[in-house]
Amino acid sequence: MDEMREALSWRRMALNLLAAYGANWIWVTVSLCLIGGLLGVPLLPHALPFFSVSVSILSELGALEFFAAYPSLLLFIVLFMAPVVEEAVFRMLPLTIVRNKRPDLAPTVVFLVCGMLFGLAHGSTMSVMIQGVGGMILGYLYLTNSRNQLTSYFSCVIVHAMFNFTVMMAAGG
């Protein structure tokens, strides 16, 4: 019986991962199409490279030429370092602290605030809206997959890395 319960919880976690990933992409696509429609400019192909805070920071520092020579290092940063660090800072730390220190505070409020801070960290007004909602989706995933803190954290890291990978591929690798 315990084995069946364990298998169901892993299946549920996998479905949550896929749902969060899909919800992020649906939200990004719809948002970019709506904003592009309002501005009269197709944003989807042009806005994709700026959905990673790591790539945005590197371009501001003029370091993209360096990483063009070492693409494996850029892949490491965008697909491993960014998800690991950002999920620790924007999901695991705040949601764990609030869960332990203020259990009376509604989780919805906490993941809304975490999501908006995640969007702000990505730098532009469009990022606050788009990555902010993506951050909220990841916050919901963190709270939903709360079998323990580690599985919650790694489920968010996996979705974040999948999302970054898809953005890089859509932007032309």
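Our subject in this report is the structure included herewith. Since we're looking at a predicted model, the values are computed, not measured.

Criteria and thresholds
- Residues numbered from 1 in each chain as written.
- Predicted model: local features only at pLDDT ≥ 70, side-chain atom pairs only at ≥ 80, totals over all residues.
- Heavy atoms only, no water.
- Helix = DSSP H or I, 4+ residues; strand = E, 2+ residues; numbered from the N terminus.
- Buried < 20%, exposed > 50% of the residue type's maximum accessible area, 1.4 Å probe, protein only.
- Contact = heavy atoms within 4.5 Å.
- Areas by Shrake-Rupley, 256 points an atom, 1.4 Å probe, with all protein chains shown as cover.
- Expected span 1.5 Å × (residues − 1).
- Phe/Tyr/Trp six-rings, centres within 6.5 Å; stacked < 30°, edge-to-face > 60°.
- Lys NZ or Arg CZ within 6 Å of the ring centre and 35° of its normal.
- Axes fitted to C-alpha atoms, helices over the stretch in contact; angles between N-to-C directions.
- Parallel < 35°, antiparallel > 145°, perpendicular 65-115°, else oblique.
- Left-handed = near helix turned anticlockwise from the far one by under 90°.
- Salt bridge = Lys/Arg side-chain N within 4 Å of Asp/Glu carboxyl O.
- Core = buried A, V, L, I, M, F, W, Y, C linked by side-chain atoms within 4.5 Å.

1. Overview of the overall build of the chain
Line of reasoning, step 1. Along the chain, the regular secondary structure elements total 8 helices and 0 strands.
Line of reasoning, step 2. Sequence-ordered secondary structure for the chain, helices as α and strands as β, is α-α-α-α-α-α-α-α.
Line of reasoning, step 3. Looking at the chain as a whole, 40% of its 173 residues qualify as buried.
Line of reasoning, step 4. For the chain, the proportion of contacts with a sequence separation of at least 24, taken over those separated by at least 6, is 65%.
Line of reasoning, step 5. When the accessible surface of the chain is split by element, carbon and sulfur atoms take 74% of a total near 9700 Å².

2. Topic: helix α5 (residues 71-101)
Line of reasoning, step 1. The end-to-end C-alpha distance of α5, which contains 31 residues, comes to 42 Å, matching closely the 45 Å that a straight helix rising 1.5 Å per residue would cover.
Line of reasoning, step 2. L74, V78, A82, P83, E86, E87, A88, F90, R91, M92, L95 and T96 are the residues of α5 that are buried.

3. As for the packing of aromatic side chains
Line of reasoning, step 1. Going through the model one piece at a time under the given rule, you end up with 3 aromatic pairs.
Line of reasoning, step 2. Geometrically, the ring pair formed by F90 and F118 is edge-to-face, given 5.5 Å between the ring centres and 75 degrees between the ring planes. Remark: F118 occurs in helix α6 (residues 107-121) and F90 occurs in helix α5; sequence separation between them is 28 residues. Per residue, the accessibility class of F90 equals that of F118, and both read buried.
Line of reasoning, step 3. Across from the ring centre of F118, 4.5 Å away, lies the NZ or CZ of R91, which sits over that ring.

4. Observations concerning the packing of α5 against helix α7 (residues 125-144)
Line of reasoning, step 1. Contact pair α5 / α7: the axes reach a minimum separation of 11 Å and the direction vectors enclose 50 degrees. As judged from the angle between their axes, α5 and α7 are oblique. Both α5 and α7 take part in a crossing whose hand is right-handed. Along its contact with α5, which presents E87, R91, M92, L95, T96 and R99, the element α7 presents G135, L138, G139, Y142 and L143.

5. Some thoughts on the packing of α5 against α6
Line of reasoning, step 1. In contact at an axis separation of 10 Å, α5 and α6 are set at 155 degrees when each is read in the N-to-C sense. The angle between the axes of α5 and α6 places the two elements in the roughly antiparallel class. The hand of the α5/α6 crossing is right-handed. On α6, the residues touching E86, F90, R91, P94, L95 and V98 of α5 are V110, F111, C114, L117, F118 and A121.

6. Digging into the pattern of salt bridges
Line of reasoning, step 1. A full pass over the atoms with the stated rule returns 1 salt bridge.
Line of reasoning, step 2. Across the pair E87 and R91 runs a salt bridge whose closest N-O atoms are separated by 2.7 Å. Of this pair, E87 and R91 both sit in helix α5, 4 residues apart, which is roughly one turn of that helix. Accessibility classification places E87 together with R91 in one group, the buried group.

7. Looking at the nonpolar core
Line of reasoning, step 1. Core analysis: the largest hydrophobic core is formed by 17 residues, its most contacted members being L95, L141, Y142, Y153 and V159.
Line of reasoning, step 2. Of all the secondary-structure elements, those providing two or more residues to this core are α1 (2-39), α5, α6, α7 and α8 (149-170).
Line of reasoning, step 3. Per-element tally for this core: the top contributor is α7, with 5 residues.

8. Comments concerning the side chain of N164
Line of reasoning, step 1. Position of N164 relative to the elements: it lies in helix α8.
Line of reasoning, step 2. For N164, a relative accessible area of 5% translates into the label buried.
Line of reasoning, step 3. Residues contacting N164, with those up to four places away along its chain left out, are V78, L79, A82 and P83.

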